[in-house]
Amino acid sequence: MSVVSKKVELYTDGACKGNPGVGGWGALLRYGAHEKELFGGQAHTTNNRMELTAVIEGLRALKKRSHVDVYTDSKYVQQGVTEWLENWKARGWKTASKSPVKNDDLWKDLDALLHAHDLNWHWVKGHAGHADNERADELANKGVAQIQAEQG
């Protein structure tokens, strides 16, 4: 059994101006009194891709195996990990209706990270005054603004 080195809270959010459109992702990592903010974006993407990217980048930022409480306002991400992922993999990355899983590239990236940490998944209602979710939303919007500024 692996030794879990620390307990981390990860708050994530994605944003998209148009869907598809310019998108951003944000992640807030907290370990005790330490915090780290991450954000980025893409010129042409979807909200779901940004939600997934936020979690992936947040988990990639961790250098040691950790116990992570992941907070997301995305039912797509939360249900994907806790309810759908194992069946998608068993069906060769196909949905129950035999369609290809959308965003399978990101789901595969996330799946690889799921085994690097001990994760608990929490859904929080978006835009409902949850301070840390609001900070993740602000970071995602910073990612959008950064891409928009680069586009001129």
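Look up a bit, the structure's there.
Just so you know, these numbers come straight off a predicted model, no measurement behind them.

## With respect to the overall build of the protein
Here is step 1 of the chain: A count of helical and extended segments in the protein gives four helices and five strands.
Here is step 2 of the chain: For the protein, the sequential pattern of α-helices and β-strands runs β-β-β-α-β-α-α-β-α.
Here is step 3 of the chain: For the protein, whose C-alpha radius of gyration is 15 Å, the value lies close to the compact-globule estimate of 15 Å for 152 residues.
Here is step 4 of the chain: Dimensions of the protein, computed from the C-alpha atoms along their principal axes, are close to 45 × 45 × 25 Å.

## Things to note about the pattern of salt bridges
Should their charged atoms come close, side chains of opposite charge can pair.
Here is step 1 of the chain: What the rule picks out here adds up to 13 salt bridges.
Here is step 2 of the chain: D118 is the partner of R65 in a salt bridge, and the nearest nitrogen-oxygen pair spans 2.8 Å. Taken together, the residues span a long stretch of sequence, with R65 in the loop between α1 (47-60) and β4 (66-72) and D118 in strand β5 (residues 118-123) at a distance of 53 residues.
Here is step 3 of the chain: The partly exposed category is assigned to R65, whose relative accessible area is 24%.
Here is step 4 of the chain: Its salt-bridge partner being K89, residue E86 comes within 3.4 Å of it at the nearest N-O pair. In this pair, E86 and K89 are both assigned in helix α2 (residues 75-90), three residues apart and thus about one turn of the helix distant.
Here is step 5 of the chain: When its relative accessible area of 52% is taken as the criterion, E86 is described as exposed.
Here is step 6 of the chain: Each of E9, R30, E35, E37, D132 and R135 takes part in one network of salt bridges that share partners.

## Let's talk about the nonpolar core
Here is step 1 of the chain: By size, the foremost hydrophobic cluster in this structure holds 30 residues, and its most contacted members are L59, V68, W107, L110 and W121.
Here is step 2 of the chain: Among the elements of the structure, β1 (6-18), β2 (21-31), α1, β4, α2, α3 (104-114) and β5 are those that each provide at least two residues to this core.
Here is step 3 of the chain: Broken down by element, the residue count for this core peaks at six residues, all from α1.
Here is step 4 of the chain: In contact with L59, not counting residues within four places along its chain, are L10, V68, L110, L113, H117 and L119.
Here is step 5 of the chain: With six residues, the next largest nonpolar core counts L28, Y71, V124 and L139 among its residues.

## Considerations on unusual backbone geometry
Here is step 1 of the chain: P20 follows N19 through a cis peptide bond whose omega is 15°.
Here is step 2 of the chain: One can find P20 in the loop between β1 and β2.
Here is step 3 of the chain: The phi torsion at K98 lies on the positive side, around 70°, for a residue other than glycine.
Here is step 4 of the chain: By secondary structure assignment, the location of K98 is in the loop between α2 and α3.
Here is step 5 of the chain: Assessed through its relative accessible area of 65%, K98 is described here as exposed.
Here is step 6 of the chain: One non-glycine residue, N103, lies in positive phi territory at about 65°.
Here is step 7 of the chain: By the element assignment, N103 lies in the loop between α2 and α3.
Here is step 8 of the chain: Here N103 falls in the buried class, since its relative accessible area comes to 15%.

Analysis parameters
Residues numbered from 1 in each chain as written. Predicted model: local features only at pLDDT ≥ 70, side-chain atom pairs only at ≥ 80, totals over all residues. Heavy atoms only, no water. Helix = DSSP H or I, 4+ residues; strand = E, 2+ residues; numbered from the N terminus. Rg over C-alpha atoms; globule rule 2.2 N^0.38 Å. Salt bridge = Lys/Arg side-chain N within 4 Å of Asp/Glu carboxyl O. Buried < 20%, exposed > 50% of the residue type's maximum accessible area, 1.4 Å probe, protein only. Core = buried A, V, L, I, M, F, W, Y, C linked by side-chain atoms within 4.5 Å. Contact = heavy atoms within 4.5 Å.

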